[in-house]
Each structure stands twice: as structure tokens, then as C-alpha cells.
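Summary of structural features
Below are the chains, spelled out letter by letter.
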Amino acid sequence: MNSKIVYLILTAALILPASALQAQSATPDAPSVASAPSSTVATGTGAKFGTINVEAAIYASNEGQRDFEALNKKLEPKQTELKGRNDEIDSLKKQLSAQGDKLNDTARGTLVKEIDVKQKSFDRDMQDAREDFQNQQQEIAQRILQKMGPMIVKFASESGYGLIVDTSSPWPQGPVLWNNPSVDITKAVVDAYNVQSGVPAPPKPVGGAPTRPAGTTHPAGTTTKPPATKPSTTP
């Protein structure tokens, strides 16, 4: 088996999502990413067939949860700033709606111009913040994948698998219509990767609820999906 070729296939299969994911004791669930093609990620000489959700594995790993949570905290000040500006614009729009017909032409024109200027400035900064957030998300995912990719290939080969398919994208975007959970190796790979990385499990919230993997909100505070940009295929 040519491990380099297999690794390139694996890397090309990943499209980083930003949907909310749960790191559970069972096989992690993956988000739906309409533009993410599902691809064969490993081939070997064995007879077994298996599947893996590469996206979920990255987010469910201890390293992924730690680093995406750190990214969220890093961007909290910008998120707070943007939310405050958005609230201010909404307040001005409500003022215009409620008092617009009572204002003289000059006052109304001034208010309309103020709203327009603030809205355009907010939209530009919002787009910049979103792109920065998405780029940093993808950098984290790329870094983890560069270490996890060879492990997946090694795990599949040593475990006697002849084919491993990435199920990150649901059918019909991906080729897998259905698969039995018993052939999914996502959790096994996550467990092995956690041992290899040495990163401890993140603390659970009070009450024992599962830790929600980070990287699920952009600086405006609402969920978003990054553009379909594939990570570098350099091993």
C-alpha cells in the first residue's frame, strides 16, 4: 500500500464544518456539509470494509475540543463587540420605524444616513471576522488531520481492512447511502489518537453533560458553516 497516496486521498476528503457536534461515548455524530464529497480514505490488503467520519473524529478528539474551545474564547471580545454594534443598529431601526413619520425631513435623513453608515461598517467587519474565524478553524483542523491521517491508514492496515470510506457527508452528497454502525471505526480512531496525542479529556460541565466541541459559532454569535475550502494535501 502506498501510504503517501492514501494520505493525499484522506486529506482531500476533508471539508471542515462548523456545525454543533457532540463528543459522546458512542460514535460521534457528524454535521451535514452539503458540499463535502465523501471519499475512500484508506485501502489495504484485508477483506474487511469500514467507515469513518473524519470531521467528527477531529472535533471529538481531546485535542480538537481543547483547541476549538480556545479559539472560541480568543474571539469572544470580537463577538461581544459585534453583538453590541448590531444591537445599536437594531435600536436605531426601531426608532426610525416608530418615529419616522413624526420627524422632519432633515432629522429623518440624518437618522437614515446614520443607520446606513453603521450598517455598512458592521457588515464589512462582520465579514472580516467570519473569514478570520473560519480560517483559524481550518488551520486547527489541518494541523490535527496531518497527525490523524497517517494513524487512520496505519490503523486500517493493521486491523485487516481492505477499504475505509469517509462518511463525513451524508447521502446523496456522499456515496454512502447506509452503513451498519458496527463497521464504523470513528470512536476507535479517536480513542487511539487521544492516547497518541497525550492531550487529556476536557472537563465536563457541571451536571455531567457532554462537552460541546468548540468552533460552532462565528463572532456574531450564530452558527455558520465555513466555505468549502479543502485543507492542503501536503503530508
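So, on to the nonpolar core. Ranked by internal contacts, the top residues of the largest apolar core, which has 24 residues, are I52, I58, I144, M148, I164, I185 and V189. Elements with a minimum of two residues in this core: α2 (54-60), α3 (62-99), α4 (105-158), β3 (161-166) and α5 (186-197). Broken down by element, the residue count for this core peaks at 9 residues, all from α4. Contact partners of I185, with chain neighbours within four places excluded, come to T51, I52, F155, Y161 and I164. By size, the runner-up hydrophobic cluster in this structure holds 5 residues, among which are L82, I89, F122 and M126.

Two numbers describe a pair of packed helices, the interaxial angle and the distance between the axes. It is the contact of α4 with α5, at a shortest axis distance of 10 Å, that shows an interaxial angle of 120°. The angle between α4 and α5 falls in the class oblique. The element α4 and its partner α5 pack so that their crossing is right-handed. The segment α4 lies against α5, with I144, K147, M148, M151, I152 and F155 engaging A188, V189, A192, Y193 and Q196.

All right, on to α4 then. Look at α4: 77 Å from first C-alpha to last across 54 residues, which is about the 80 Å you get at 1.5 Å a residue. Along its length, α4 shows its largest kink, about 35°, at Q146, and proline P150 lies within four residues downstream of that point. The backbone nitrogen of T106 has a side-chain oxygen 3.1 Å away, supplied by the residue at the start of α4, namely N104. Following α4 by one or two positions, G160 has its phi on the positive side, about 80°.

There is a patch of like negative charges on the surface, built from D128, E131, D132 and E139. Within the fold, D128 resides in helix α4.

This next bit is on the side chain of Q136. Within the element layout of this structure, Q136 appears in helix α4. The buried category is assigned to Q136, whose relative accessible area is 14%. Sequence-distant contacts of Q136, that is, excluding residues within four places in its chain, are made with L71, K74 and L75.

A cluster of nonpolar residues, W171, L177 and W178, forms a patch on the protein surface that exposes about 460 Å² of accessible area. With respect to the helices, strands and loops of the structure, L177 is situated in the loop between β3 and α5.

This brings us to the packing of aromatic side chains. Scanning the entire structure with this criterion turns up 1 aromatic pair. Centre to centre, the rings of Y59 and F68 are 4.6 Å apart; their planes meet at 20°, and the pair counts as stacked. Taken individually, Y59 and F68 each receive the classification buried, so the pair is uniform in this respect. The aromatic ring of Y161 is capped on one face by K48, whose charged end is 4.4 Å from the ring centroid.

Two side chains of opposite charge can pair, provided their charged atoms sit close to one another. This model, assessed by the stated rule, comprises 13 salt bridges. Between R143 and E63 there is a salt bridge whose closest N-O contact spans 2.9 Å. One end of the pair, R143, is in helix α4; the other, E63, is in helix α3, with 80 residues separating them in the sequence. A salt bridge links K120 to D116; its shortest N-O distance comes to 3.4 Å. Highlighted residues: K120 and D116, both in helix α4, separated by 4 residues, approximately one helical turn. Overall, the relative accessible area of 47% leaves K120 in the partly exposed class.

Between its terminal C-alpha atoms α3 stretches 53 Å, which fits the 56 Å expected from 38 residues at 1.5 Å a residue. The largest bend in α3 is about 45°, located at E76, with the proline P77 one to four residues further on.

Turning next to the packing of α3 against α4. Where α3 contacts α4, the axes come no closer than 10 Å and their chain directions differ by 170°. In terms of their interaxial angle, α3 and α4 are classed as roughly antiparallel.

Attention shifts here to the confidence of the model for the protein chain. The predicted coordinates ought not to be read in detail in places where the model reports low pLDDT. Per-chain confidence: the protein chain averages 76 in pLDDT, with 67% of residues scoring 70 or above. When the criterion is pLDDT under 50, residues 1-38 qualifies, and its contacts beyond four places in sequence or with other chains add up to 128 contacts. Here residues 208-235 scores under 50 on pLDDT; set against residues more than four positions off or in separate chains, the count is 94 contacts.

Calculation criteria
- Residues numbered from 1 in each chain as written.
- Predicted model: local features only at pLDDT ≥ 70, side-chain atom pairs only at ≥ 80, totals over all residues.
- Heavy atoms only, no water.
- Core = buried A, V, L, I, M, F, W, Y, C linked by side-chain atoms within 4.5 Å.
- Buried < 20%, exposed > 50% of the residue type's maximum accessible area, 1.4 Å probe, protein only.
- Helix = DSSP H or I, 4+ residues; strand = E, 2+ residues; numbered from the N terminus.
- Contact = heavy atoms within 4.5 Å.
- Axes fitted to C-alpha atoms, helices over the stretch in contact; angles between N-to-C directions.
- Parallel < 35°, antiparallel > 145°, perpendicular 65-115°, else oblique.
- Left-handed = near helix turned anticlockwise from the far one by under 90°.
- Expected span 1.5 Å × (residues − 1).
- Bend = angle between axes of the 7 residues up to and from the residue.
- Polar contact = N/O pair within 3.5 Å; in protein donor to acceptor, adjacent residues only side chain to side chain.
- Patch = residues over 30% accessible without salt bridge, like charges linked within 9 Å, V, L, I, M, F, W, Y side chains within 5 Å.
- Areas by Shrake-Rupley, 256 points an atom, 1.4 Å probe, with all protein chains shown as cover.
- Salt bridge = Lys/Arg side-chain N within 4 Å of Asp/Glu carboxyl O.
- Lys, Arg positive; Asp, Glu negative; His and termini not counted.
- Charge placed at Lys NZ, Arg CZ, Asp CG, Glu CD.
- Phe/Tyr/Trp six-rings, centres within 6.5 Å; stacked < 30°, edge-to-face > 60°.
- Lys NZ or Arg CZ within 6 Å of the ring centre and 35° of its normal.
- pLDDT = per-residue confidence, 0-100.

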